[in-house]
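# Structure at a glance
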Amino acid sequence: MCGIVGFIGERKAAPILFEGLERLEYRGYDSAGIAVLNKDVITTRKTTERIKMLREITENGQGIPGSLGIGHTRWATHGAPSERNAHPHVSNDGKFAVVHNGIIENYITLKEELIQKGFIFESETDTEVVVHLLANYYKGNLIEAVVKAAKRLEGSYALGIICAHEPDVLVAVRRLSPLILGVGIGESFIASDVTALISHTKTVMYLEDGEIAEIKKSGIRVFDKAGSPVEKSTTEINWNIDAAEKSGYDHFMMKEIMEQPRAVRATLEPRIKNGKIKLDDISITAADLKNVNRIIITACGSASYAGQVGRYVLEELLRIPVEVDLASELRYRNPIINEHTLLIVISQSGETADTIAALKEAKGRGARVLSLVNVVGSTIAKMSDDVLYTWAGPEIAVATTKGYSTQLALLYLFGVYAAELLGNRTGEECAEMITELQNLPEQIEQALILNDNIITLAQKYHKNQSIFFIGRNIDYAVSMEGSLKLKEISYIHSEAYAAGELKHGTISLIDNDRLVIALACYERLFDKLMSNIKEVKARGAKVLATAIVGNTKILTEADDVMYIPRTNPLFLASVEVIPLQLLAYYVARDNGCDIDKPRNLAKSVTVE
Ligand code: BG6
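A quick note: this is a predicted structure, and the numbers were derived from the prediction, not measured. (Residues numbered from 1 in each chain as written. Predicted model: local features only at pLDDT ≥ 70, side-chain atom pairs only at ≥ 80, totals over all residues. Heavy atoms only, no water.)

The geometry of helix α4 (residues 128-137) relative to helix α5 (residues 142-152) is characterised by a closest axis approach of 9 Å and an angle of 130° between their N-to-C directions. On the basis of the axis angle, α4 is oblique to α5. Between α4 and α5 lies a crossing whose hand is right-handed. Contact with α4, carried on its side by Leu133, Leu134 and Tyr137, involves Ala145, Val146, Lys148, Ala149 and Arg152 of α5 and no other residues of that element. By residue class, the composition of the contact of α4 with α5 is six nonpolar, no polar and two charged. (Axes fitted to C-alpha atoms, helices over the stretch in contact; angles between N-to-C directions. Helix = DSSP H or I, 4+ residues; strand = E, 2+ residues; numbered from the N terminus. Parallel < 35°, antiparallel > 145°, perpendicular 65-115°, else oblique. Left-handed = near helix turned anticlockwise from the far one by under 90°. Contact = heavy atoms within 4.5 Å. Nonpolar A, V, L, I, M, F, W, Y, C, P; charged D, E, K, R; others polar.)

Given below as structure tokens:
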């Protein structure tokens with residue numbers, strides 16, 4: 001997710017902008033920049049290095065005069081990381097500068113229209129259309145130009161705008177991406193989150209969707225998207241800096257768990273237009289798919305467990321054999337791969353060494369490579385024939401949550417898209433699945449709310465020292481991620497096991513009070529799973545089950561139940577993983593573990 005800052009006052013803007021951007025560095029970025037207006041000249045400085053580099057090339061900001069400016073840290077979504085793509089973006093006449101957080105979904109259409117009008121584009125970004133729209137609509141009143149430009153934009157945007165024609169105004173616009181105003185004494189600020197301005201003022205004003213703020217040293221006026229004035233009140237922040245970085249949550253992991261509805265929505269929505277899936281980002285055709293006789297999904301860690309879910313979903317929809325192979329195994333097993341193999345690579349960071357090596361191995365044997373990655377321009381993205389980006393934004397906690405959830409979202413999207421291309425599903429069957437996909441963010445939200453009993457369950461079970469997760473079909477795939485989440489942050493040993501396999505040996509470990517977490521949401525095999533629950537109960541186990549809301553039969557056997565809303569069985573993993581993430585989080589918290597930075601772990605293992 002990008003970071004925005006802005007300042008207007010008496011003090012020099014550049015040093016204040018740098019400080020604000022440094023407060024946002026925790027969000028992750030691959031380029032940064034500032035634009036400052038002094039008299040009628042906008043000066044910009046950009047880098048693909050760290051903010052520190054910007055300080056070095058501007059004498060800590062002292063070398064850039066001017067008390068009105070905007071700044072930005074970019075997390076690339078459209079256009080790889082580069083100075084050319086870094087914000088702020090400036091109009092051809094140098095009179096307007098813009099920073100943006102979000103995705104302008106109709107930028108291609110707008111870009112074509114503006115090029116027709118003679119505007120020259122310098123970057124590959126979606127954002128640049130905004131600054132040329134402003135130049136196009138400006139007739140002497142900046143707010144009027146902003147209102148007109150905003151009406152043309154589709155998608156999500158938080159904007160910071162300065163204009164050389166109006167040196168006493170900083171403009172902020174908000175739609176679906178957060179933006180906060182800081183109200184100081186004779187000075188004001190804008191920022192993507194409180195962290196970037198809290199050291200200057202704790203008096204803030206939150207913009208609502210569609211609102212436009214005209215910020216002057218003398219005060220702030222807010223307008224709605226039609227340009228009519230809106231009354232706004234200020235709020236006093238009672239957080240400290242550390243809490244602000246986590247938006248008030250105790251850990252990044254909880255913040256990211258709660259961000260999942262937004263992250264899944266951001267990943268799905270831009271790719272569903274008028275009830276159809278549009279994957280313009282990839283070039284795979286029906287003919288290409290018909291040439292595929294085998295799909296291998298390769299990844300590490302949680303990404304591989306997203307792949308395990310993907311195996312059930314893709315095999316069901318595509319009727320092509322799908323297998324999941326850990327990257328660290330695939331790279332050395334002399335695999336039988338050729339031009340009829342589609343390799344799907346899943347990686348949040350796009351830099352995991354084993355996954356890169358497996359990709360190279362498969363590509364060298366003729367496989368076509370589709371990667372699902374969260375970092376634009378990462379090594380895996382660059383090596384792939386096609387890339388679908390998860391738009392989860394930077395993930396800070398080592399244990400992935402929104403990264404995993406958005407990987408699932410892409411697997412579903414690709415599955416439904418390919419099923420229709422192959423003619424395995426009719427248009428109306430796909431339309432129904434697409435509607436269910438669009439409902440997923442809401443169902444994830446419900447799962448978050450439904451499971452407010454998890455804190456109690458964690459207190460009840462957090463002393464267990466060895467736990468089994470069991471399930472069948474997609475429940476089994478989810479149990480792998482649930483087990484890893486618990487292990488990696490609470491250090492409790494646990495094992496995911498195919499429920500039907502337990503009786504072939506491992507059930508010897510089930511003894512009195514052994515905790516078995518039984519995932520019972522895949523309803524086609526519910527009765528089989530209930531038999532497995534009876535098996536372990538008969539040997540003294542305690543059973544904590546997951547089940548679909550309304551299922552009371554589970555209560556006849558399970559000691560406790562975590563309910564989730566009903567979804568299309570193919571997509572249930574996205575919802576069922578939620579209580580398991582929360583359980584792992586609260587168990588780890590009760591055990592006093594370092595949740596965001598678990599011992600021995602790294603966010604991305606870039607070495608073998
Ligand atoms: C591990 C991370 O180090 O690497 C996991 O802790 C992740 O969360 C795994 O799933 C693979 O990383 P990536 O970046 O390739 O998804």
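On to the sheet that holds strand β21 (residues 368-373). Read across the sheet, five strands follow the order β19-β18-β20-β21-β22 without closing on themselves; strand pairing throughout is parallel. Taken across any chain shown, the strands that pair with only one partner, and hence form the sheet edges, are β19 (322-326) and β22 (386-389). Neighbouring strand axes in the sheet, compared pairwise and without regard to direction, differ in orientation by 20° on average. Of the pairings in the sheet, the one linking strand β18 (residues 294-299) to strand β20 (residues 341-347) comprises five bridges and is parallel in character. (Pairing = 2+ DSSP bridges.)

In the vicinity of the ligand there are 13 residues, among which Ser302, Ser347, Gln348, Ser349 and Thr352 approach most closely. The contact in question runs from an oxygen atom of the ligand to an N or O atom on the side chain of Ser347, over 2.6 Å. Considering the ligand on its own, with 380 Å² of exposed area, one finds that the protein chains cover 91% of that surface. Broken down by element, the shell around the ligand gets its largest block of residues, three residues, from helix α10 (residues 301-318). Split by residue class, the shell around the ligand holds five nonpolar, seven polar and one charged. (Near = heavy atom within 4 Å. Polar contact = N/O pair within 3.5 Å; in protein donor to acceptor, adjacent residues only side chain to side chain. Areas by Shrake-Rupley, 256 points an atom, 1.4 Å probe, with all protein chains shown as cover.)

The next thing to look at is the pattern of salt bridges. Tallying each qualifying case throughout the model produces 34 salt bridges. The shortest N-O distance in the salt bridge between Arg221 and Glu214 comes to 2.8 Å. Here Arg294 ties to Glu323 by a salt bridge, and the two come within 2.9 Å at their closest N and O atoms. In this pair, Arg294 is assigned in strand β18 and Glu323 in strand β19, connecting sequence segments 29 residues apart. Each of the salt bridges in this network shares a partner with another, and the network as a whole consists of Lys255, Glu259, Arg262 and Lys402. (Salt bridge = Lys/Arg side-chain N within 4 Å of Asp/Glu carboxyl O.)

On to the pairing of β20, then. Here β20 lies mainly inside the structure; seven of its seven residues are buried. The side-chain alternation of β20 yields two buried faces, one formed by Thr341, Leu343, Val345 and Ser347 and the other by Leu342, Ile344 and Ile346. Relative to β21, β20 runs parallel, the two being bridged by six bridges. If you follow Ile346 over to β21, its bridge partner there is Leu372. Following the chain from β20 across helix α12 (residues 353-364) to the adjacent parallel β21, one finds a crossover that is right-handed. (Buried < 20%, exposed > 50% of the residue type's maximum accessible area, 1.4 Å probe, protein only. Right-handed = clockwise from strand over helix to strand, strands pointing away.)

Another point: the nonpolar core. Of all hydrophobic cores here, the largest spans 95 residues; its most connected members are Ile344, Phe414 and Ile517. Tallying contributions element by element places helix α14 (residues 402-422) first for this core, with 13 residues. When residues of this core are assigned to domains, at least three map to each of domain 2 (246-448) and domain 3 (454-590). Among residues more than four places away in sequence, those in contact with Ile344 are Ile295, Ile296, Ile297, Thr298, Leu314, Leu370, Leu372 and Phe414. (Core = buried A, V, L, I, M, F, W, Y, C linked by side-chain atoms within 4.5 Å. Domains from an automatic or database assignment.)

Moving on, we come to the packing of helix α17 (residues 474-490) against helix α19 (residues 573-590). α19 packs onto α17 with a crossing angle of 20° between their chain directions and a minimal axis gap of 9 Å. Judged by the inter-axis angle, α17 sits roughly parallel to α19. The two elements α17 and α19 meet at a crossing, and its hand is right-handed. Of the residues in α19, those touching α17 at Ile474, Asp475, Val478, Glu481, Gly482, Lys485, Leu486, Ile489 and Ser490 are Ala573, Glu576, Val577, Leu580, Gln581, Ala584, Tyr585, Val587 and Ala588. Its residues assigned to classes, the contact of α17 with α19 shows 11 nonpolar, three polar and four charged.

This model, assessed by the stated rule, comprises four aromatic pairs. Relative to Phe189, the ring of Phe7 has its centre 5.3 Å away and its plane inclined at 50°; by these criteria the two rings are tilted. Placement of Phe7 in strand β1 (residues 3-8) and of Phe189 in strand β10 (residues 188-191) is noted, with a sequence separation of 182 residues between them. Look at Tyr585 and Tyr586: their rings are 5.1 Å apart centre to centre, the planes differ by 90°, and that puts the pair in the edge-to-face class. The ring of Tyr29 carries the charged tip of Arg50 above its face, separated from the ring centre by 3.8 Å. (Phe/Tyr/Trp six-rings, centres within 6.5 Å; stacked < 30°, edge-to-face > 60°. Lys NZ or Arg CZ within 6 Å of the ring centre and 35° of its normal.)

Here the focus is the side chain of Thr406. For Thr406, the location among the structural elements is in helix α14. Among the residues examined, Thr406 registers a relative accessible area of 0% and is labelled buried. With near-sequence residues (within four places) excluded, Thr406 lies in contact with Ala263, Val264, Thr267, Thr390 and Ala392.

Turning to the pairing of strand β2 (residues 31-38), a few remarks are in order. In regular strands, side chains alternate between the two faces of the sheet. Buried residues dominate β2, accounting for seven of its eight residues. Bridge count between β2 and strand β4 (residues 68-74): seven bridges; the pairing is antiparallel. Looking at β4, one finds that Ile34 is bridged to Gly71. Bridge count between β2 and strand β3 (residues 41-47): seven bridges; the pairing is antiparallel. Bridge pairing in β3 links Val36 to Thr43. Hairpin connection from β2 to β3: two residues lie between these consecutive antiparallel strands, with Lys39 at a positive phi of about 55°.

Here the focus is the domain arrangement of the chain. Here the chain is partitioned into domain 1 (3-243), domain 2 (246-448) and domain 3 (454-590). The C-alpha centroid of domain 2 is placed 33 Å from the C-alpha centroid of domain 1. Each partner contributes residues to the interface: domain 1 has 15 residues there, and domain 2 has 15 residues. Taken together, the connections running from domain 1 to domain 2 amount to one salt bridge. The salt bridge partner of Lys273 is Glu105, with a shortest N-O separation of 3.3 Å. The interface formed by domain 1 and domain 2 includes one residue pair in polar contact (both at pLDDT 80 or more). A class-by-class count of the residues in the side of domain 1 that touches domain 2 yields eight nonpolar, four polar and three charged.

Okay, unusual backbone geometry next. Residue Pro88 is bonded to the preceding His87 through a cis peptide linkage, with omega at 0°. Mapped onto the elements of the fold, Pro88 is located in the loop between β4 and β5 (89-90). Although it is not a glycine, Asn334 sits at a positive phi angle of roughly 50°.

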